[in-house]
Amino acid sequence: MYGDGEGRVQALNGIDLDIRRGQMTAIMGPSGSGKSTLMHVLAGLDGATSGSVLLDGTEITGLDDDARTLLRRREIGFVFQAFNLVPTLDVMGNILLPFELDGTKPTAERLTWIESLLTNLGLQSLRGRRPYELSGGQQQRVAIARALAMKPTLIFADEPTGALDSRTGREVLELLTQATREYQQSVILVTHDPVAASYADRVVFIADGRIAHDVPRSDAQTLSSLILSFEPKA
Ligand SMILES: Nc1ncnc2c1ncn2[C@@H]1O[C@H](COP(=O)(O)OP(=O)(O)OP(=O)(O)O)[C@@H](O)[C@H]1O
Ligand SMILES: [Mg+2]
C-alpha cells in the first residue's frame with residue numbers, strides 16, 4: 001500500500017507465490033501492474049500492510065531492520081530498474097561493494113569468478129571507469145556483475161536486459177540461467193520482453209496487482225500472445 005487518504009494505492013492484492021530454488025521465474029505484466037512493487041516486497045525492501053514473505057522458512061516480514069539488511073546483503077542480489085550504482089566508485093568498486101558493506105574480503109576463488117563475470121559481460125576494459133563515464137547498457141552490466149558477485153541465494157532482476165542490444169542481452173540471460181543450473185540460485189526476472197521471459201522455467205503474469213496467469217517454460221511466441229490476450233484494449 002502506497003500513500004494514505006485519497007492518494008492511497010493498493011499496488012498488490014492477494015498474491016501467493018512460491019519461488020523454487022534453482023529456478024528462474026519471470027514476472028510479466030503491463031506497466032504499473034505492480035511488478036517492481038512485488039519485487040521490493042519479496043526482497044524485504046518495502047514492507048507490506050498485510051501478508052508475509054518467507055525465505056527458506058524464515059519470515060523476513062517479521063525480522064527487524066538490521067536482520068533484514070544482513071539477510072539481504074548476504075542472500076539477495078539486485079539488479080534494479082534504475083541501476084543504483086554508486087557514482088563515486090569505479091566499476092570494480094561497485095562490483096565489490098556487497099563485500100565492502102558486509103565487511104568481508106572476496107576469496108581467491110570468488111575473485112576468479114568476478115574476473116569471469118567481467119569478461120563475460122564485456123567489462124574488462126571498463127573496470128576503472130565511473131558510472132557517469134559509461135553508457136546505459138554498460139551500467140546495466142555492472143549492476144548485473146554486482147548482483148552475481150556474491151553468488152546470492154536469490155537474484156532479483158528488474159528489466160536486466162532493458163538497455164542492452166540483443167546479443168549482450170542474451171549473454172546476460174545465459175549468465176542468469178547458469179546461476180540457476182550450476183549454482184542452484186533462484187532468479188526472479190521482471191521483464192516486458194517475451195524473448196527474455198522464454199529463458200525462465202516459469203512465467204507469472206501480473207495484472208492489477210494480482211496473478212493473472214502462471215505458466216511453465218514457454219516460447220516467446222506463446223508468451224507474446226498471452227500478453228496480448230489480457231492487455232487493455234484501446
Ligand atoms: N512510491 C509510490 N507511491 C505511490 N504509488 C506508487 C509508488 N510506487 C509505485 N506506485 C504505484 O503502484 C503501482 C505499481 O507500480 P510498479 O512500479 O510496481 O509497477 P510495474 O509493474 O513495475 O510497472 P513498470 O512496468 O512500468 O515498471 C502503480 O500504480 C504505481 O503508480
Ligand atoms: Mg517496474
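Residues numbered from 1 in each chain as written. Chains lettered and ligands numbered in written order. Predicted model: local features only at pLDDT ≥ 70, side-chain atom pairs only at ≥ 80, totals over all residues. Heavy atoms only, no water.

Asker: Explanation requested: the pairing of strand β4 (residues 76-79) in the structure shown.
Answerer: Successive side chains on a regular strand alternate, one facing one side of the sheet and the next facing the other. By the alternation rule, side chains of β4 split into Ile 76 and Phe 78 and Gly 77 and Val 79, which are all buried. The pairing of β4 with strand β5 (residues 154-158) spans four bridges and is parallel. When the bridges of β5 are listed, Phe 78 appears paired with Phe 156. (Buried < 20%, exposed > 50% of the residue type's maximum accessible area, 1.4 Å probe, protein only. Helix = DSSP H or I, 4+ residues; strand = E, 2+ residues; numbered from the N terminus. Pairing = 2+ DSSP bridges.)

Asker: Just to check I follow, could you spell out the sheet that holds β4 for this structure?
Answerer: To summarise the sheet geometry, strands pair through backbone hydrogen bonds and adopt either a parallel or an antiparallel arrangement. As summarised here, the arrangement of the six strands in space is β4-β5-β6-β1-β7-β8, forming an open sheet in which the pairing is mixed. Edge strands, defined here as strands with exactly one partner in the open sheet, are β4 and β8 (210-216). For this sheet, the mean angle separating the axes of adjacent strands, direction not counted, is 15°. Bridge count between strand β1 (residues 24-28) and strand β6 (residues 186-190): four bridges; the pairing is parallel. By the bridge assignment, Ile 27 is partnered in β6 with Val 190. Sheet strands in contact with helix α1 (residues 35-42) are β1, β4, β5, β6 and β7 (202-207), and its direction is about 155° off that of β5. Across the sheet, helix α9 (residues 220-230) touches β1, β7 and β8, and the angle it forms with β7 is around 15°. (Axes fitted to C-alpha atoms, helices over the stretch in contact; angles between N-to-C directions. Contact = heavy atoms within 4.5 Å.)

Asker: In this structure, what is going on with the pairing of β5? I would like to understand it.
Answerer: Within β5, five of the five residues are buried, leaving the element largely enclosed by the surrounding structure. The two faces of β5 match: Leu 154, Phe 156 and Asp 158 on one face and Ile 155 and Ala 157 on the other face are all buried. Sheet topology note: the β5/β6 ladder contains five bridges and is parallel. Along β6, the bridge assignment pairs Asp 158 with Val 190.

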